[in-house]
Structure formats: C-alpha cells, structure tokens
Amino acid sequence: MLKRLSRTMAIAAAIFAAQPAYAQDMSFDAYVQLLMAKARAQGVSDGTITRMTAGLEPNRRVIELDQAQPGSPTRSGFPPVSDYIARHVDSARINGGRRAYADARATLGAVERDYGVPGEILVAIWGHETAYGAVRGGFDLSQALATLAWEGRRRELFEGEFLALMKVADRGYSRSELQGSWAGAFGNPQFLPSVYLRLASDGDGDGAANIFTNRADTLASIANYFRDAGWRTGQPWGVSASVPRGFDTNAVSTELVAAVCPRVHERHSQFKTVAEWRALGVQPLRPLGETTMASLFQPDGPGTPAWLLTSNYRVILEYNCSNYYAMSVGLLADEISR
C-alpha cells in the first residue's frame, strides 16, 4: 500500500509540476475518494465502485493529449476542407463502408424504419469513429476520466462522465471492456458514458445495448442519437451546388451567432429556400425540394466546390462539431450508397 501510494504521489507530483496552478486542488487519491463517495450517493454499487477504481493512478499521457487540443482558428486560418476529405473519404473507407452496408443490409432496413435515419449515414459515422469497429481505443476509461476530472481544467464535464461510467459499469460491463479514447468515448460509435446512458439502444431485442461488439445495437444507437438531435426523414444532409462567378458571398453571410460551436456555424450562409437560391443563381446539382431551407457552404473559397446544406447537416455537427468531420461523413455516406 505504501509503495503504491508513493508511486502515485511521484506521478502526481510530475504532472502537477507541468500544470497551471489552478489544475489540482487535492491529491489524486483524495480526489478519487471524493468520486467514489459521489458515485455511491448516486446509487452505484460498492462492488462496481471497488473494481472500477482499484489501483487508479493519474495518467500523464491523457493530460498531454487534452492540452494538445487545437484552439479556435482565425477567419483566414482554416485548412482546406478538400485536403481533409481526400484523406478521410478514401478508397479504403469507401470500400469498407460498402462492405459493412452490404453485410448489415437487413439490420439497416429495420433501423431505418424504426428511426428514419438512412443506413449509409449510420455506416459513415461508424466508419469515421472506429473504422467500422477496428479501432475503438485502448485507454482505461476509469483512469482517463478520473485523471481529466482531477486535472481540473474541465472538471464539471469529466467528473460527470466518470460518474456516468460507474453507472454503465453497474450494468454488468467489466473494466476490461470499458476501454476507449483518452477523452472517455467508447464502443463502435464512440459514445461518452452520459450519452450511452441516455441514447444507447437495443437493436436486436436481446435486452442489452451492446455498442462494443453488437452491430445491430451499434447502428440503432447511432440512429437514436440522430433522431434525438432532430434528423428530418426524407431530407438529404446537403447537395453539391454551382455558384455563379463573382457571386457575393458577403451579401448572404449569416448574422446569427450560434450558441454552440460558433466558429463552425459562422462559415455557413443565411438559410434560404432552394427557390430563393435559384433566383440568386445558385443551383443545386442534385434534386432538392424548392421549399427546403438550405445554407450555402463554399469552404475553400470562390471557384471551389460548394454545397447547399440542410438542417440535417447540423444534426451531423451535433455528433462532432467540425465542418471537416460533418462534410466527410456526408460525402462518405453518398459514396457508400452510390
């Protein structure tokens, strides 16, 4: 016990030395005791708490990865979307998506009927998150989330996710199963623990929502997330569009400031009906209803590819607040269904 405590203190001291003064206000072991008490107060069993916190030590690599997250870019500092798409909508991901779609065709049909979300969108999310289940992450979620909560920069977020993880574990999942990303996401769709508790779904009727190895549960859970976020059945995420030469994008720039991810949404234009866009010379290159509301997005500047984005694009942004991510998911889905 003394040996483990001294080792923990040594690791904690090393991490503390590299952190700003506000980060830790108590030892790691003391903070874990506080987390355990909170979990117990929220109804988590003693057995689950014991097995999920045994031997916990702070993980310096997790803190390094968290601190390495990029900040907000300037208006002129966005890397080209085309480069990201070329890397993420490649032949390997397209072919893998088509195979996954074919293998799960019957399941996808049932999920589409139940949730109203196209199967190709679900498969594209699966492909982007974990390469169709091949790469789900190997961090001990207990350690990662306890470390991030203790570090303190986003304590409220990660403490809540740690407590949610205890409740997930209390459903019978072992600690070895509960592995994932350094930031706490896990399973095929990379749900955070709180998202799992709220939206994970039983896709095959066996009474469990196994997003680790069960394909039906994985796809139903992603679909439930999208339905909850407001996906509109029968509407595409967006379509490519032609923009007339010399079109004044400033004249249609949005004046709204999004409450969430404002730097992502500020790059989109005002919402107009497709008929209004046609009147301005912007033409959708695939069918899109004349009364559909859409936003113009030409991320790499005049003369480069442009899209008219529907509200369903913003649903994809709910999953990951990045235009690069959302565009590549939409375009991958199009390739999978082609």
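Rules behind the numbers
- Residues numbered from 1 in each chain as written.
- Predicted model: local features only at pLDDT ≥ 70, side-chain atom pairs only at ≥ 80, totals over all residues.
- Heavy atoms only, no water.
- Core = buried A, V, L, I, M, F, W, Y, C linked by side-chain atoms within 4.5 Å.
- Buried < 20%, exposed > 50% of the residue type's maximum accessible area, 1.4 Å probe, protein only.
- Helix = DSSP H or I, 4+ residues; strand = E, 2+ residues; numbered from the N terminus.
- Contact = heavy atoms within 4.5 Å.
- Pairing = 2+ DSSP bridges.
- Salt bridge = Lys/Arg side-chain N within 4 Å of Asp/Glu carboxyl O.

Chemist: Explanation requested: the nonpolar core in the structure shown.
Modeler: The biggest cluster of nonpolar side chains holds 83 residues, and the ones touching the most others in it are Leu178, Phe226, Trp237, Ile316 and Met327. In terms of residues, this core owes the most to one element, helix α16 (residues 323–337), which gives nine residues. Excluding residues within four positions of it along the chain, tryptophan 237 makes contact with Ile121, Trp231, Trp307, Leu309, Thr310, Asn312, Tyr313, Ile316, Met327, Gly330, Leu331 and Asp334. Val239, Val252, Val282 and Ala306 belong to the second-largest nonpolar core, a separate cluster that totals twelve residues.

Chemist: Sorry if this is basic, but what is going on with the pairing of strand β3 (residues 238–242) here?
Modeler: Each regular strand displays side chains that alternate between the two surfaces of the sheet. Where β3 meets strand β7 (residues 306–309), four bridges bridge the pair, whose relative direction is antiparallel. Counted as the bridge partner of valine 239 is leucine 308 from β7. Relative to strand β5 (residues 283–284), β3 runs antiparallel, the two sharing two bridges. The partner of alanine 241 across the bridge, within β5, is proline 284.

Chemist: Help me understand unusual backbone geometry, please; the structure alone is not making it clear to me.
Modeler: Trans peptide bonds make up most of the peptide bonds, and negative phi angles are found at most residues other than glycine. Within the chain, alanine 131 stands out as a residue other than glycine whose phi angle is a positive 50°. Here alanine 131 shows up in the loop between α8 (119–130) and β1 (139–140). Of note, the phi angle at tyrosine 132 is positive, near 60°, even though the residue is not glycine.

Chemist: Mind showing me how you'd approach the pattern of salt bridges here?
Modeler: Side-chain pairs of opposite charge can arise whenever the charged atoms involved come near each other. Summed over the entire model, instances satisfying the criterion amount to 13 salt bridges. A salt bridge links aspartate 46 to arginine 40, with the nearest nitrogen and oxygen atoms 2.8 Å apart. Residue class for arginine 40 comes out partly exposed when judged on its relative accessible area of 42%. The salt bridge partner of arginine 286 is aspartate 334, with a shortest N-O separation of 3.2 Å. A residue pair is termed long-range when its members are at least 10 positions apart, and arginine 286 in the loop between β5 and β6 (293–297) and aspartate 334 in helix α16 qualify at 48 residues. Connected through salt bridges with shared partners, the residues Arg60, Arg61 and Glu64 form a single ionic network.

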